[in-house]
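Below are the chains, spelled out letter by letter.
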Amino acid sequence: MTKEIKTEILINARPESVWAILTAFDQYPNWNPFIKSISGDQAVGTQLVVRIEPPEATGMTFKPKVLAFEANKEFRWIGHLLFSGLFDGEHKFELIDHGNGTTTFIQSEKFKGILVSLFAKQLDNNTRRGFMEMNVKLKALAERS
């Protein structure tokens, strides 16, 4: 089973400003309502420690591997529940530069594995809401800078 959640928001700030906020992991607890913390090296192939807390759902800490880290454009990782194939999530932050001082921020995740159907309702509700709440906070912070 596979499932994808995708959200986006237009931010009145340049990609560099949005990227600076996304990559300041130490500041996540101060502003991010969904991803409460990230630690680790910002480089392809490294492992992060990520804590998420979707609205009205149980939080979890996992250790994804960085798949892409391209400044001002894309940050992507893949995480697994226990082991690969059970419940895998490929999370992606993408920044689209409109060349006019605005950026579209796209946050998405592709879920695969035998347990995806068990979590489908929670993904559609709680996780999607977590994405949207984070997007709104990111927009506010970037537009204030």
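Just so it is clear, the structure is predicted and the values come from calculations on it, not from any experiment. (Residues numbered from 1 in each chain as written. Predicted model: local features only at pLDDT ≥ 70, side-chain atom pairs only at ≥ 80, totals over all residues. Heavy atoms only, no water.)

A. Inspection of the pattern of salt bridges at higher detail. A full pass over the atoms with the stated rule returns 9 salt bridges. Between Arg 14 and Glu 16 there is a salt bridge whose closest N-O contact spans 3.3 Å. Owing to a relative accessible area of 48%, Arg 14 belongs among the partly exposed residues under this scheme. In this structure, the salt-bridge partner of Arg 129 is Glu 56, at a minimum N-O distance of 3.2 Å. One end of the pair, Arg 129, is in helix 3 (residues 116-144); the other, Glu 56, is in the loop between strand 3 (49-52) and strand 4 (60-62), with 73 residues separating them in the sequence. (Salt bridge = Lys/Arg side-chain N within 4 Å of Asp/Glu carboxyl O. Buried < 20%, exposed > 50% of the residue type's maximum accessible area, 1.4 Å probe, protein only. Helix = DSSP H or I, 4+ residues; strand = E, 2+ residues; numbered from the N terminus.)

B. The side chain of Asn 135, seen in detail. Secondary-structure assignment places Asn 135 in helix 3. Not counting chain neighbours up to four residues away, the residues in contact with Asn 135 comprise Thr 7, Glu 8, Ile 9, Phe 105 and Gln 107. (Contact = heavy atoms within 4.5 Å.)

C. Local environment of the packing of helix 1 (residues 15-22) against helix 3. Packing of helix 1 against helix 3 leaves a shortest axis separation of 10 Å and a crossing angle of 120°. The angle between helix 1 and helix 3 places the two elements in the oblique class. Between helix 1 and helix 3 lies a crossing of right-handed hand. For the pair helix 1 and helix 3, the contacting residues are Val 18, Ile 21 and Leu 22 in the first and Met 134, Leu 138, Leu 141 and Ala 142 in the second. The residue inventory of the contact of helix 1 with helix 3, partitioned by class, reads 7 nonpolar, no polar and no charged. (Axes fitted to C-alpha atoms, helices over the stretch in contact; angles between N-to-C directions. Parallel < 35°, antiparallel > 145°, perpendicular 65-115°, else oblique. Left-handed = near helix turned anticlockwise from the far one by under 90°. Nonpolar A, V, L, I, M, F, W, Y, C, P; charged D, E, K, R; others polar.)

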